[in-house]
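Overview (structure and organization)
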Amino acid sequence: MNWDDTRIFLAIHRERSLRGAARMVGLDQATVGRRLAALERALGATLFLRTSNGYVLTSVGEVALRAAEKMEQSANDLVRQTQGVDERLAGEVRVTTTDTIGLEFVMCAIQSLHDEHPNVRVLLDTSTHVHNLAKREADIAVRTIKPENPDLLTRKLATWPMGLYASADYLERHGEPIPGTAFEGHDLVCYLPYLQARRQLTLVGEPIHAGRIVSGLNSSLMLRAAVRGGLGLGELAVPIAERDGLVRIWPDRSSVLAYEVWMVTHKDLRHTARIAAMIDHIVRAFEAALSTGRSQR
């Protein structure tokens, strides 16, 4: 198997369809189908069963998968290690983060990086998908969860308390909630994954069972917009909510869990000039924001 065929084989396995695999490898569906047929002829074996649930590996395909994943790992290692000594301040840097962090911090970092090094091009992905840096799906991640992979270098950029917030318009219409009433008579907006976890929900330690959940949102940016638009009360990172001019309710109360921001990259890429430059500008963006926040207190 050559590497191009291996990429197609792995893509079909992961996507379970020719269409999904074609999208992943950047080819058309017919080409992917022909390449798979040619690969199976060359190996003299059937690698996939075509089922109602998509393409499923045969027993021979399972054996091929183990070899293919080793080949993928070697290819990724080769690229990372050669990139890791690249001293050019030019080329692409792939960054993944959340929409809020991207808007409030990473965009500023991209602008300042461009001012200094205009030949570096940043590809920013703010989807909810958590990219795998070990598989080169991104060069830098700015995440709210610290990864456990020992091959990844991590740096904590911020730790922020989570407070309860509302817009001035909402408070004018509904007033402030009374502690101990579980938000009786109040509208609430919540982060959708918390709702889907099916555990007893609280906002800054207050149960919410007497309140009305108006909306669940899977994006921190949309949650901010909902609170800012007066849709309901919501739990937000304090510095971000303050940037929006929201009113903090019960300022002496915070969520048990703080909002942490971690920057992550693969250790093989730490000496790549363009990636190191992007990291430096992201750090500066957070330091500037934190410094501004301290000076306003």
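Here the structure is shown first, and the text comes after it.
To start, this report covers the structure provided alongside it.

About the thresholds
Residues numbered from 1 in each chain as written. Predicted model: local features only at pLDDT ≥ 70, side-chain atom pairs only at ≥ 80, totals over all residues. Heavy atoms only, no water. Axes fitted to C-alpha atoms, helices over the stretch in contact; angles between N-to-C directions. Helix = DSSP H or I, 4+ residues; strand = E, 2+ residues; numbered from the N terminus. Parallel < 35°, antiparallel > 145°, perpendicular 65-115°, else oblique. Left-handed = near helix turned anticlockwise from the far one by under 90°. Contact = heavy atoms within 4.5 Å. Nonpolar A, V, L, I, M, F, W, Y, C, P; charged D, E, K, R; others polar. Pairing = 2+ DSSP bridges. Buried < 20%, exposed > 50% of the residue type's maximum accessible area, 1.4 Å probe, protein only.

So, about the packing of helix α1 (residues 3-15) against helix α2 (residues 18-25). Following both chains from N to C, one finds α1 and α2 inclined at 130°, their axes separated by 8 Å at the closest point. With respect to α2, the axis of α1 lies oblique. Two packed elements cross with a definite hand, and for α1 against α2 that hand is right-handed. Residue-level inspection shows Arg-7, Ile-8, Ala-11, Ile-12 and Glu-15 of α1 in contact with α2, the latter providing Leu-18, Gly-20, Ala-21, Arg-23, Met-24 and Val-25. Broken down by class, the residue content of the contact of α1 with α2 amounts to 7 nonpolar, 1 polar and 3 charged.

In this section: the sheet that holds strand β13 (residues 247-249). Within a sheet, adjacent strands bond to each other through the backbone by hydrogen bonds, running parallel or antiparallel. In spatial order, the strands read β12-β7-β13; together these 3 strands make up an open sheet with antiparallel pairing. Two strands in the sheet have a free side with no partner beyond their single neighbour: β12 (234-237) and β13. Within the sheet, the average angular offset between the axes of one strand and its neighbour, ignoring direction, is 60°. Taken together, the 3 bridges between strand β7 (residues 162-166) and β13 define a ladder with antiparallel strand orientation. For Ala-166, the partnering residue across the bridge sits in β13 and is Val-247.

With respect to the element layout, Ile-101 can be found in helix α5 (residues 99-116). Owing to a relative accessible area of 0%, Ile-101 belongs among the buried residues under this scheme. Distance in space between the C-alpha atoms of Ile-101 and Asp-169 is 26 Å, their sequence separation being 68 residues. Apart from residues no more than four positions distant in its own chain, Ile-101 is found in contact with Val-106, Val-142, Thr-144, Tyr-259, Val-261 and Phe-286.

Now for the sheet that holds strand β14 (residues 259-266). In space, the 5 strands of this open sheet follow the order β4-β3-β5-β14-β6, with mixed pairing throughout. Only two strands of the sheet have a single partner each, and these edge strands are β4 (120-125) and β6 (152-160). On average, each strand axis in the sheet is inclined to that of its neighbour by 20°, with strand direction left out of account. Taken together, the 4 bridges between strand β5 (residues 140-143) and β14 define a ladder with antiparallel strand orientation. If you follow Ile-140 over to β14, its bridge partner there is Thr-265.

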